[in-house]
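Report on the structure
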Amino acid sequence: QVQVVESGGGLVQAGGSLRLSCAASGSIASINVMEWYHQAPGKERGLLATLSRGGSTYYADAVKGRFTLSRDNAKATWYLHMNNLKPEDTGVYYCAADAFTPDWALRAWGQGTQVTVSS
């Protein structure tokens, strides 16, 4: 019922900026929270940030003040703005849409996009 696709990853120098996109399709109106995850090389995937339908946000301590979430309702696209990037930000970034209606609920995962930060 919901699909998401990440894009925007790439290679950037430490201190630089990058914007990741998460394009959603399907039952867009059912999405209540968009989650962003980070998986560093050889590490487990961890929750990075979330943006709720009502605009509430959560940021992990490691990215507070550097990363910002936003969304474009007209384009059905969520964004992760990454500033002052550090080498430890390197890894695969995933978006996941938490969606539910009175009849069903799911978490739709994207395929991930690679970010590499050079020192």
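Residues numbered from 1 in each chain as written. Predicted model: local features only at pLDDT ≥ 70, side-chain atom pairs only at ≥ 80, totals over all residues. Heavy atoms only, no water.

Quick look at the state of the cysteines
In the structure shown here, the tally under the stated rule is 1 disulfide. Note on cysteine connectivity: C22 is disulfide-linked to C95, with sulfurs 2.1 Å apart. Judged by the sign of its S-S torsion, about 80°, the cystine formed by C22 and C95 is right-handed. Of the two residues, C22 is situated in strand 3 (residues 18–26) and C95 in strand 9 (residues 91–100); the sequence distance between them amounts to 73 residues. Accessibility classification places C22 together with C95 in one group, the buried group. (Disulfide = S-S within 2.5 Å. Helix = DSSP H or I, 4+ residues; strand = E, 2+ residues; numbered from the N terminus. Buried < 20%, exposed > 50% of the residue type's maximum accessible area, 1.4 Å probe, protein only.)

Observations concerning the side chain of S52
Locating S52 in the fold gives a position in strand 5 (residues 46–52). If we skip the residues at most four places from it in the chain, S52 touches N32, V33 and R71. (Contact = heavy atoms within 4.5 Å.)

Details of the packing of aromatic side chains
Each aromatic ring pair is specified by the distance between its two centres and by the angle formed by the two planes. Evaluated as defined, the whole model comprises 2 aromatic pairs. Both rings, one in Y37 and one in W109, keep their centres 4.7 Å apart while their planes meet at 45°; by these two values the pair is tilted. Here the residue Y37 occupies a position in strand 4 (residues 31–39), and W109 occupies one in strand 10 (residues 105–109), the gap between them amounting to 72 residues. Relative accessible area serves as the criterion here: at 11%, Y37 is assigned to the buried category. You can call W109 partly exposed: its relative accessible area is 34%. Among the aromatic residues, those joined into a ring-pair cluster are Y37, Y94 and W109. When the ring centre of Y94 is taken as reference, the NZ or CZ atom of R45 above it lies at 4.6 Å. (Phe/Tyr/Trp six-rings, centres within 6.5 Å; stacked < 30°, edge-to-face > 60°. Lys NZ or Arg CZ within 6 Å of the ring centre and 35° of its normal.)

Points about the pairing of strand 10
With 5 bridges connecting them, strand 9 and strand 10 associate as antiparallel partners. What sits directly across from A97, in strand 10, is A108. Where strand 9 folds back onto strand 10 in an antiparallel hairpin, the turn is made up of 4 residues. (Pairing = 2+ DSSP bridges.)

What to know about the side chain of R66
Examined against the element boundaries, R66 turns out to sit in the loop between strand 6 (57–59) and strand 7 (67–72). A polar atom in the side chain of R66 sits 3.0 Å from the backbone oxygen of N84. Filtering out sequence-adjacent residues up to four positions away, R66 remains in contact with H81, M82, N83, N84, L85, K86 and D89. (Polar contact = N/O pair within 3.5 Å; in protein donor to acceptor, adjacent residues only side chain to side chain.)

What about the pattern of salt bridges?
Applying the stated criterion across every chain yields a total of 4 salt bridges. Residue R107 pairs with E35 through a salt bridge whose shortest N-O separation is 3.1 Å. Taken together, the residues span a long stretch of sequence, with R107 in strand 10 and E35 in strand 4 at a distance of 72 residues. For R107, a relative accessible area of 42% puts it in the partly exposed group. Here D61 and K64 are joined by a salt bridge, their closest N and O atoms 3.2 Å apart. Residue D61 shares its accessibility class with K64, and that shared class is exposed. In this structure, a network of salt bridges that share partners links the residues E35, D98 and R107. (Salt bridge = Lys/Arg side-chain N within 4 Å of Asp/Glu carboxyl O.)

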